[in-house]
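Reading the structure
Here is what each chain is made of, one letter per residue.
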Amino acid sequence: MTAKHVVVHGGVQGVGFRWFAREEAARLGVSGWIRNRDDGTVEAVVEGADAAVDAMLAWLRVGPPEASVTAVDVTHADATPSEGFRIEH
């Protein structure tokens, strides 16, 4: 089990990024959360099996069709096992 804290930069708000991410997380079987930040970025914590987390990070680097990701910051996070992947407000 691994956990990563992620901040996604670019045109990532107002394009359904969080909802698409929740669908992808469910498909991959990762847990965690995602939210918009006041600075226009999207922040997330992704937890799960190494390969699934890596796949989710790869998806976050591209995002949904309308997004324009310019950078992704990834750091280690403490794993706090949880059920599902939720959108925080």
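The model shown is predicted, which means the values in this text are computed figures rather than measured ones.

Here's the deal with helix α2 (residues 50–60)
For α2, the complete set of buried residues consists of A52, V53, M56, L57, W59 and L60. Buried positions in α2, seen along its axis, are confined to an arc of 160 degrees and lie on one side of it. Looking at the buried side of α2, the elements it contacts are β1 (2–11), α1 (17–28), β3 (42–48), β4 (68–76) and β5 (85–87).

A closer look at the UniProt feature "active site" (unreviewed entry) in the protein chain
In the numbering used here, UniProt assigns the "active site" (unreviewed entry) feature to R18 and N36. These annotated residues cover 19 residues of sequence, but their C-alpha atoms sit close together, with the largest distance between any two at 8.0 Å. When you line up the elements, R18 lands in helix α1. Apart from residues lying up to four places away in sequence, R18 is in contact with I34, R35, N36, V42, I87, E88 and H89. Positionally, N36 belongs in strand β2 (residues 31–36). When residues no more than four places from it in sequence are discounted, the contact partners of N36 are Q13, R18, T41 and V42. A distance of 3.5 Å separates the side chain of N36 from the side chain of R18, its partner in a polar contact.

Quick word on the nonpolar core
A general tendency of soluble globular proteins is for nonpolar side chains to be buried together. Ranked by internal contacts, the top residues of the largest apolar core, which has 21 residues, are F17, I34, M56 and L60. Elements with a contribution of two residues or more to this core: β1, α1, β3, α2 and β5. When residues in this core are grouped by element, the largest group, six residues, is from α2.

Conventions adopted
Residues numbered from 1 in each chain as written. Predicted model: local features only at pLDDT ≥ 70, side-chain atom pairs only at ≥ 80, totals over all residues. Heavy atoms only, no water. Buried < 20%, exposed > 50% of the residue type's maximum accessible area, 1.4 Å probe, protein only. Helix = DSSP H or I, 4+ residues; strand = E, 2+ residues; numbered from the N terminus. Arc of directions from axis to C-beta. Contact = heavy atoms within 4.5 Å. UniProt positions renumbered as here; feature names shortened; annotations may be inferred. Polar contact = N/O pair within 3.5 Å; in protein donor to acceptor, adjacent residues only side chain to side chain. Core = buried A, V, L, I, M, F, W, Y, C linked by side-chain atoms within 4.5 Å.

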